[in-house]
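Chain by chain, the residues run as shown.
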Amino acid sequence: MKKVTIYTTTYCGYCSAAKKLLEKQKLAFTEIDVTTDASKRTWLVEKTGQRTVPQIFFDDISIGGFTDLSEIISKNKLLSLLDD
Ligand SMILES: N[C@@H](CCC(=O)N[C@@H](CS)C(=O)NCC(=O)O)C(=O)O
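Residues numbered from 1 in each chain as written. Predicted model: local features only at pLDDT ≥ 70, side-chain atom pairs only at ≥ 80, totals over all residues. Heavy atoms only, no water.

Participant: Explain the packing of aromatic side chains residue by residue, including any values.
Facilitator: All chains considered together, the criterion is met by four aromatic pairs. Pairing Tyr7 with Phe57 gives two aromatic rings, centres 5.5 Å apart and planes at 75 degrees, and the pair type is edge-to-face. Placement of Tyr7 in strand β1 (residues 4–8) and of Phe57 in strand β3 (residues 55–58) is noted, with a sequence separation of 50 residues between them. Across the pair, exposure class does not vary: Tyr7 and Phe57 are buried alike. Residues Tyr14 and Phe66 carry aromatic rings whose centres are separated by 6.0 Å and whose planes lie at 50 degrees to one another, so their mutual orientation is tilted. Here Tyr14, found in helix α1 (residues 13–24), pairs with Phe66, found in helix α3 (residues 66–74); they are 52 residues apart in sequence, far enough to count as distant. (Phe/Tyr/Trp six-rings, centres within 6.5 Å; stacked < 30°, edge-to-face > 60°. Helix = DSSP H or I, 4+ residues; strand = E, 2+ residues; numbered from the N terminus. Buried < 20%, exposed > 50% of the residue type's maximum accessible area, 1.4 Å probe, protein only.)

Participant: I'd love a proper account of empty space enclosed by the protein, names of residues and values included.
Facilitator: For the structure on display, the rule yields one cavity of 30 Å³ or more. Approximately 30 Å³ is the volume attributed to the largest cavity. Around the largest cavity, the lining residues are Arg41, Leu44, Val45, Gln50, Arg51, Thr52 and Val53. Across the lining of the largest cavity, the residue classes tally to three nonpolar, two polar and two charged. (1 Å grid on protein atoms, 1.4 Å probe; cavity = no way out; pocket = protein on both sides within 12 Å on 5 of 7 lines; lining within 4 Å. Points joined across faces, edges and corners; volume = space filled by probe spheres on them. Nonpolar A, V, L, I, M, F, W, Y, C, P; charged D, E, K, R; others polar.)

Participant: Please give an account of the environment of Thr35 that cites residues and values.
Facilitator: In this structure, Thr35 sits in the loop between β2 (30–33) and α2 (38–48). In this structure the C-alpha to C-alpha distance between Thr35 and Asn76, which are 41 residues apart in sequence, comes to 31 Å. Setting aside its immediate chain neighbours within four residues, Thr35 contacts Thr8, Thr9 and Thr10. In terms of polar contacts, Thr35 uses its side chain to reach the side chain of Asp33, at 2.4 Å. (Contact = heavy atoms within 4.5 Å. Polar contact = N/O pair within 3.5 Å; in protein donor to acceptor, adjacent residues only side chain to side chain.)

Geometry only, nothing functional implied.
Written out as structure tokens, the structure reads:
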């Protein structure tokens, strides 16, 4: 099973919503708070092409933010995407 990592900032409603969604799916995840980490945020933009948070990864694969995660779950694609 791939590891789930979520990059967040404080006071970010979409970040809280995404974490709740992961918890609801009973998925363990690592949270990396990039609020004060400018170089990590630059890396995230380069890696994902997106400037918003949250950004969620399954191993090193960028799957997007809250909306993308919701869509993956509603289309029942979560387990296949997490499968190694
Ligand atoms: N569609 C995105 C929206 C995410 C979003 O708008 N996040 C806000 C923070 S809650 C953001 O990053 N705003 C721009 C910024 O802070 O630079 C998602 O579902 O994750």
